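A look at the structure
The lines below spell out each chain.
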Protein chains: 4
Amino acid sequence: MARAEEKDTGRLEAFSDGVFAFAITLLALDVKLPHLAGQEAEASAASLLNGLRHDWPNYLAFITSFFSIFIMWVHHHNLFRLVRRVDTRLLFANGFLLMMVTVVPFPSAVAAEYFRTPAAPAACAFYAGYFVFVGLAFYLLLLAALRRTVCSSKLTNETLHRYRAGYRLGPPIYFAASVLAYVSPWLTMGICTALWIMWAAMTRMTATESSL
Amino acid sequence: MARAEEKDTGRLEAFSDGVFAFAITLLALDVKLPHLAGQEAEASAASLLNGLRHDWPNYLAFITSFFSIFIMWVHHHNLFRLVRRVDTRLLFANGFLLMMVTVVPFPSAVAAEYFRTPAAPAACAFYAGYFVFVGLAFYLLLLAALRRTVCSSKLTNETLHRYRAGYRLGPPIYFAASVLAYVSPWLTMGICTALWIMWAAMTRMTATESSL
Amino acid sequence: MARAEEKDTGRLEAFSDGVFAFAITLLALDVKLPHLAGQEAEASAASLLNGLRHDWPNYLAFITSFFSIFIMWVHHHNLFRLVRRVDTRLLFANGFLLMMVTVVPFPSAVAAEYFRTPAAPAACAFYAGYFVFVGLAFYLLLLAALRRTVCSSKLTNETLHRYRAGYRLGPPIYFAASVLAYVSPWLTMGICTALWIMWAAMTRMTATESSL
Amino acid sequence: MARAEEKDTGRLEAFSDGVFAFAITLLALDVKLPHLAGQEAEASAASLLNGLRHDWPNYLAFITSFFSIFIMWVHHHNLFRLVRRVDTRLLFANGFLLMMVTVVPFPSAVAAEYFRTPAAPAACAFYAGYFVFVGLAFYLLLLAALRRTVCSSKLTNETLHRYRAGYRLGPPIYFAASVLAYVSPWLTMGICTALWIMWAAMTRMTATESSL
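As a starting point, this report considers the structure included with it. Each chain carries its own residue numbering, running from 1 in the direction its sequence is written. The lettering of chains begins at A and the numbering of ligands begins at 1, in the order of writing. For this predicted model, a pLDDT threshold of at least 70 governs which residues receive local features, and a threshold of 80 or more governs which side-chain atom pairs are given and counted, while totals over whole chains, interfaces and linings are taken from all residues.

A look at the relation of the copies chain B and chain C
Least squares is the method used to superpose the copies, on C-alpha atoms of residues holding a pLDDT of at least 70 in both. Each copy of the sequence occupies a distinct position, and chain B is placed on chain C by a rotation of 90° and an axial shift of 0.0 Å, giving an RMSD of 0.1 Å. On the angle and the small slide along the axis, the relation comes out as a four-fold axis.

Overview of the nonpolar core
Core analysis: the biggest nonpolar cluster contains 276 residues, and A123(A), A123(B), A123(C) and A123(D) have the highest contact counts within it. Ignoring anything within four residues of it in the chain, the contact list for A123(B) reads V110(B), A111(B), Y114(B), F115(B) and L48(C). The nonpolar core criterion groups buried Ala, Val, Leu, Ile, Met, Phe, Trp, Tyr and Cys residues into a set whenever they are joined through C-beta atoms within 7 Å. Here the C-beta atoms are placed from the backbone, and a residue counts as buried if at least 20 other C-beta atoms lie within 10 Å of its own, exposed if 12 or fewer do, and partly exposed otherwise. Residues are scored as being in contact if the C-beta atoms we place from backbone atoms lie within 7 Å.

Side note on the interface of chain B and chain C
Contact with chain B, which involves 25 residues of that partner, is made by 30 residues of chain C. Per-element accounting of the side of chain B that touches chain C gives the leading share, eight residues, to helix 1 (residues 2-26) of chain B. Lys, Arg, Asp and Glu make up the charged group, whereas Ala, Val, Leu, Ile, Met, Phe, Trp, Tyr, Cys and Pro make up the nonpolar group; the residues left over, Gly among them, are polar. Of the residues in the side of chain B that touches chain C, the class split is 18 nonpolar, five polar and two charged. For helices the rule is a DSSP run of H or I covering at least 4 residues; for strands it is a run of E covering at least 2, with both sets numbered from the N terminus onward.

Notes on the environment of F66(D)
Note on placement: F66(D) falls in helix 3 (residues 56-80). F66(D) sits in the buried class, given 24 other C-beta atoms within 10 Å. Separated by 39 residues in the primary sequence, F66(D) and P105(D) have C-alpha atoms spaced 8.7 Å apart. Apart from the residues lying within four places of it in its own chain, the contact partners of F66(D) are M99(C), I24(D) and L27(D).

Details of the packing of helix 4 (residues 88-102) of chain B against helix 6 (residues 120-145) of chain B
Residue and element names in this part refer to chain B. Running from N to C, helix 4 and helix 6 point in directions that differ by 160°, and their axes come no closer than 9 Å. Taken together, the axis directions place helix 4 and helix 6 in an arrangement best described as roughly antiparallel. Where helix 4 crosses over helix 6, the handedness of that crossing is left-handed. Here R89, L90, A93, N94, F96, L97 and M100 of helix 4 lie close against helix 6, whose contacting residues are F133, V134, A137, F138, L140, L141, A144 and A145. Residue composition of the contact of helix 4 with helix 6, by class: 13 nonpolar, one polar and one charged. Where helices are involved, their axes are fitted lines through C-alpha atoms of the stretch in contact, as for all axes, and angles between N-to-C directions lie from 0 to 180°. Here roughly perpendicular refers to angles of 65 to 115 degrees, roughly parallel to angles under 35, roughly antiparallel to angles over 145, and oblique to all remaining angles. Handedness of each helix crossing follows the sense of rotation of the near helix against the far helix: counterclockwise by less than a right angle gives left-handed, clockwise gives right-handed.

Notes on the relation of the copies chain A and chain B
By a simple turn and slide, chain A fits onto chain B: the slide is 0.0 Å along the axis, the RMSD is 0.1 Å, and the turn is 90°. Counting the interface residues of chain A, we find that no more than 12% of their copies in chain B are interface residues as well, pointing to two distinct contact surfaces.

Details of the packing of helix 6 of chain B against helix 2 (residues 45-54) of chain C
Running from amino to carboxyl end, helix 6 of chain B crosses helix 2 of chain C at an angle of 40°, the nearest separation of the two axes being 7 Å. Between helix 6 of chain B and helix 2 of chain C, the interaxial angle falls into the category oblique. Contacts between helix 6 of chain B and helix 2 of chain C involve P121(B), A122(B) and A123(B) on the former and, on the latter, A45(C), L48(C) and L49(C).

Below, the structure is given as structure tokens:
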């Protein structure tokens with residue numbers, strides 16, 4: 001029985017890993033060859049380097065999206081180390097999160113493309129607003145995963161409480177960041193960057209917890 | 001011997017999971033940056049929001065396709081929990097289903113693109129008609145999986161019967177929905193949506209069965 | 001020790017399965033929405049159905065490629081059931097095969113696109129010619145996999161011999177089919193189709209062998 | 001405890017394998033049907049063969065990228081055979097390497113596209129320069145993987161030392177190759193090719209080590 005359940009958890013993790021791995025690899029499709037305006041046969045070193053330099057917002061959006069999805073994978077990974085059984089609610093909470101994860105390149109591209117235009121406040125509000133829902137999806141997954149019928153019985157109430165408290169922070173802060181885009185797009189992107197660093201730091205914390 | 005067979009089932013499941021995970025992630029490629037008509041350097045917040053709003057059928061088709069494939073994965077997952085051995089017939093039935101699954105975004109896109117045009121009846125008939133074949137593929141997989149030589153010996157005849165009865169419903173209802181598109185495309189899409197909710201609800205039922 | 005080796009084989013199989021699964025799913029990207037010539041808002045049912053009908057060579061190429069890759073996966077799968085250890089030669093033989101597999105959609109598309117043009121002989125010769133190399137890659141993999149230091153010790157010399165004989169047939173027959181394209185492209189495609197059916201039938205044979 | 005840790009390593013390997021497998025399969029998207037200039041219905045055998053021949057730098061870039069990523073996968077694979085535990089530092093070192101791997105097709109395409117233009121020195125310097133960072137990522141992963149708290153306790157200090165010495169060579173040689181592009185692009189590509197052969201040969205060496 002215990003083995004069948006472990007296999008079951010394993011298959012959900014494998015499916016999720018597949019989605020995370022493909023979503024993160026698909027990002028590289030946007031890192032493309034700069035197509036020079038003139039004849040390519042006459043391309044000079046200067047025009048190639050200019051082309052590469054001109055595409056820097058693309059590269060930045062790639063790196064940001066890559067690390068966003070990677071950090072989300074690490075959190076997902078740590079969360080599932082606590083799970084011992086899969087039920088329907090956990091399955092659908094996981095499906096909703098995966099849907100949000102695969103679309104992350106979209107708000108990132110919107111923010112990167114419009115950051116230096118008059119549409120910057122709207123674009124950054126959209127970016128931060130998207131992560132309100134990602135944060136919500138993570139929180140729903142956490143609630144589904146940390147029920148007594150699903151998770152490892154070795155977890156103390158205190159640990160469960162600490163987890164919930166940590167993940168509850170996400171949605172309201174992203175919401176505030178989204179609203180503040182109309183004050184300053186820079187402020188929004190600064191808050192989002194600070195949050196990514198915080199989530200990265202939290203992976204260490206949750207890793208320690210989940211090895212208990 | 002039992003271990004070798006388990007490994008074998010495992011590899012078929014891993015391959016299938018790869019196809020499902022990849023098919024579901026590829027959907028996100030259609031959620032693209034709205035390209036504004038005017039100069040992007042002059043993009044205003046209003047024109048960005050308009051662009052985002054204008055693409056809503058894309059987003060709806062994405063969400064629908066994502067959940068279609070996700071629910072099919074859950075059914076596939078529950079079905080394979082009953083399987084103990086893989087033979088050639090099961091292999092090919094599974095291959096046929098996987099082929100149908102990878103193309104699901106195509107009829108979804110046809111329905112989304114033409115729903116508000118005079119071609120709506122044809123587009124919706126095509127959408128529902130496609131799922132006649134998906135339903136058939138699932139039924140063939142079920143027949144291949146629930147033979148005594150392949151599935152877990154713990155299943156009662158009654159359980160096997162109930163499974164077959166549930167999956168036999170799909171093709172004729174989708175066929176009726178397809179024909180009814182010439183009466184009203186709204187009716188077709190309503191029936192299809194109702195069926196998705198039914199399949200989602202059935203996952204809970206089959207999960208309970210397969211944990212027996 | 002035996003366990004570490006099994007894990008090792010497992011990881012190579014998982015990587016190969018990933019490549020097969022993605023290659024097979026990527027095919028669906030070519031099954032696209034028909035873009036009607038006129039205004040889409042005025043699309044009639046007839047023009048949509050015409051658009052769908054007009055794309056049939058695409059759909060045929062998709063189905064052919066899907067089953068080609070699927071049958072190759074089954075053969076790969078059956079072959080690796082005999083493998084107990086991975087060494088450098090097997091690793092690189094497998095890498096070469098995977099490279100050939102990922103490109104299968106390309107010769108299929110060439111054959112589908114040019115079959116009804118004066119370039120049909122060249123296109124079909126290219127298609128069959130490509131599979132000379134695929135057959136070669138499979139034969140090299142077989143040689144690497146069925147060495148005494150690598151494969152299961154339970155295999156008799158007779159079984160090994162029968163395997164080698166079966167796979168040795170591929171390259172020369174495909175080569176003949178390639179040359180015959182200049183006599184008749186229909187003949188070439190007929191031979192290739194007959195070979196696919198033969199490979200599909202062989203999966204049953206090899207499955208029986210490898211369960212010994 | 002030992003089992004949980006093994007599962008943990010397994011999931012990181014599975015995720016990495018997914019990224020490698022997907023990155024290597026995506027390469028095939030660039031091997032496309034040659035679109036002939038004239039009417040396709042009048043395509044002659046000569047014009048098709050010309051079209052295929054004209055695309056050879058694409059095919060070469062495909063083969064090079066495929067084997068680059070494949071050899072990197074083998075190294076990754078051999079390195080993780082030594083790992084017994086995953087910690088945060090190893091997780092992020094692995095994430096950085098995966099990011100570098102997914103983008104490998106990009107510098108390859110730049111080098112292939114501009115090799116026969118006046119921009120060749122810049123393009124080849126960019127190609128070799130990219131691999132300075134890939135080499136660095138591998139070295140960082142090696143440092144993270146071969147700590148006493150993470151790797152198998154059976155490894156001798158001498159083995160660890162030999163590993164570090166081997167991987168330390170990469171970045172400075174690629175840097176020299178990058179600078180030498182301004183002397184001769186052919187020299188740069190020759191050094192890079194020689195290095196790929198060396199890395200391929202090293203897989204045999206590291207495989208032997210890691211089976212100790």
